[in-house]
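Survey of secondary and tertiary structure
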Amino acid sequence: MLRALEKSKKLKDRIYAGEPVLGTQLALQDPASMEIFGRAGFDWASVDTEHSAQSLLTVQAMMQAALGWDVVPFVRPLILDHDEIRRFLDIGASGLLCPFIETADQAKRLVDACRYPPRGKRGWNPNRASAYHLADDEYMAAYEESLIVLVIIESKLGAENAEAILAVDGIDGVTVGPMDLSMDLGVFRQWDAPNYRAAVEQIRAGAAATGKAFGSGVYDEESARRAIANNETLLLSLGDVTLLGNGASNLAKDLRSAIAQSQ
């Protein structure tokens, strides 16, 4: 099996076995980010094209960088766009993390964009994904069972439709989009607000009812332990931008404190 498909199939098996898997999101355009998180031991890393300056070429470079490590490369598309998703799959994305899924119809269209006829509507030409057509037969035999399709639910409507969304064949799991969900509910970043907590529980219940993986953000060991205790398995940690920003800010603060103390 192609190495990329082999890696994603192993990850998919772990997800369906209920194992916690550690992921992150990459917004910086340098493929070194993928290499760093791969070397660090992350199970999956999603290249964020929704909130960054990523291009098709930088996404492809990320896919190439992932080959040297066990990390499985995902792409977070800008929107649910059939043509954009096809291009990401053709250049070798092993998984999709699709934002703002609110209905079962949208989930079905997402799956259709990932599968070739008669099961879906994806157009032919996997190009890099099939080793530049040197492994077309191998790719076609394995890609559907290897591809991982995750949705992000980040609105009141999405939470209400969570079970129907996750019941769609081909959707493998869901993560909560906390910022947009709390904003949509009118309680931006108020994580203990009753309506926010209720919406998260709707999503969690939808995942449990359909046997699909569920996850939300984890930020340190304590939050990860809480998530795992709550049967969350898609552990989505801080990404490259946040980690770099926090690290640089904390370092500068410490160094300036040392300078101030020396004067």
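Up top you'll find the structure we're talking about.
Since the structure is predicted, the reported quantities are computational estimates derived from the model, not experimental observations. (Residues numbered from 1 in each chain as written. Predicted model: local features only at pLDDT ≥ 70, side-chain atom pairs only at ≥ 80, totals over all residues. Heavy atoms only, no water.)

1. Here we look at the overall build of the protein
Helix and strand content of the protein: 12 helices and eight strands. Relative to its length of 263 residues, the protein is compact, with a C-alpha radius of gyration of 19 Å against a globular reference of 18 Å. Seen along its three principal axes, the alpha-carbon backbone of the protein occupies a region of about 70 × 40 × 30 Å. A buried classification covers 49% of the 263 residues belonging to the protein. (Helix = DSSP H or I, 4+ residues; strand = E, 2+ residues; numbered from the N terminus. Rg over C-alpha atoms; globule rule 2.2 N^0.38 Å. Buried < 20%, exposed > 50% of the residue type's maximum accessible area, 1.4 Å probe, protein only.)

2. Points about the packing of aromatic side chains
Aromatic rings in a pair are described by how distant their centres are and how their planes are angled relative to each other. All told, the structure shown has six aromatic pairs when counted by the stated rule. A centroid spacing of 5.7 Å and a plane angle of 45° characterise the contact between Y116 and W124, whose relative ring orientation is tilted. Judged by its relative accessible area of 5%, Y116 falls in the buried class. W124 gets classed as partly exposed once you look at its relative accessible area, which sits at 46%. (Phe/Tyr/Trp six-rings, centres within 6.5 Å; stacked < 30°, edge-to-face > 60°.)

3. Here's the deal with helix α5 (residues 104-114)
Within the sequence span of α5, burial applies to Q106, A107, L110, V111, D112, A113 and C114. On the buried face of α5, the contacting elements are α4 (82-90), β4 (95-98), α6 (136-146), β5 (148-153) and α8 (162-166). (Contact = heavy atoms within 4.5 Å.)

4. Observations regarding the side chain of D43
Tracing the backbone shows D43 in the loop between α2 (32-40) and β2 (44-48). A distance of 3.0 Å separates a polar atom in the side chain of D43 from a polar atom in the side chain of R14. At a separation of 2.8 Å, a polar atom in the side chain of D43 contacts the main-chain amide nitrogen of L22. (Polar contact = N/O pair within 3.5 Å; in protein donor to acceptor, adjacent residues only side chain to side chain.)

5. Details of the nonpolar core
One finds M34, V151, I171 and I203 to be the most contacted residues of the largest nonpolar core, which totals 48 residues. Other than its neighbours up to four places away in sequence, M34 contacts L26, A45, V47, M62, A65, A66, V71 and P73. Listed in part, the 13 residues of the second largest apolar core include V21, V72, L97 and A213. (Core = buried A, V, L, I, M, F, W, Y, C linked by side-chain atoms within 4.5 Å.)

6. Let's talk about the sheet that holds β4
The sheet built from eight strands is open, its strands ordered β7-β6-β5-β4-β3-β2-β1-β8 with parallel pairing. Edge strands, defined here as strands with exactly one partner in the open sheet, are β7 (213-215) and β8 (234-236). The sheet shows a mean angle of 25° between the axes of neighbouring strands, taken without regard to direction. By the bridge criterion, four bridges tie β4 to β5 in an arrangement that is parallel. In the strand pairing of β5, L96 is matched with V149. (Pairing = 2+ DSSP bridges. Axes fitted to C-alpha atoms, helices over the stretch in contact; angles between N-to-C directions.)

7. Focus: the environment of A45
Its place among the elements puts A45 in strand β2. As a C-alpha pair, A45 and G239 span 194 residues in sequence and 8.8 Å in three-dimensional space. In contact with A45, other than residues within four places in its own chain, are T24, L26, M34, V71, V72, P73 and F74.

8. Re the state of the cysteines
A full pass over the atoms with the stated rule returns zero disulfides. C114 supplies the cysteine sulfur nearest to C98, a cysteine that is in no disulfide, at a spacing of 8.4 Å. Residue C114 is classed as buried on the basis of its relative accessible area, which comes to 2%. (Disulfide = S-S within 2.5 Å.)

9. Concerning helix α11 (residues 221-229)
Taken together, the buried positions of α11 are S223, A224 and A227. Along the axis of α11, the buried residues cluster in a sector spanning 100°; they form a single face. Exposed side chains of α11 directed beyond 90 degrees from the buried face belong to E221, E222, R225 and A229. Tucked inside the fold, the buried residues of α11 contact β8. Here α11 starts with a cap whose side-chain oxygen sits 3.3 Å from the backbone nitrogen of E222, and that cap is D220. (Arc of directions from axis to C-beta.)

10. Some remarks on the side chain of D112
Tracing the chain through its elements places D112 in helix α5. Dropping the residues within four chain positions of it, D112 is found in contact with H82, R119, G120, K121 and R122.

11. Let's talk about the packing of α4 against α5
Two numbers describe a pair of packed helices, the interaxial angle and the distance between the axes. Running from N to C, α4 and α5 point in directions that differ by 40°, and their axes come no closer than 9 Å. Relative to α5, the element α4 is oriented oblique. As for the relative orientation of α4 and α5, their crossing is right-handed in sense. Along its contact with α4, which presents H82, I85 and L89, the element α5 presents L110, D112, A113 and C114. Looking at the contact of α4 with α5 residue by residue, the classes come out as five nonpolar, one polar and one charged. (Parallel < 35°, antiparallel > 145°, perpendicular 65-115°, else oblique. Left-handed = near helix turned anticlockwise from the far one by under 90°. Nonpolar A, V, L, I, M, F, W, Y, C, P; charged D, E, K, R; others polar.)

So, to be careful, I would describe these as geometric facts and stop short of saying anything about function.
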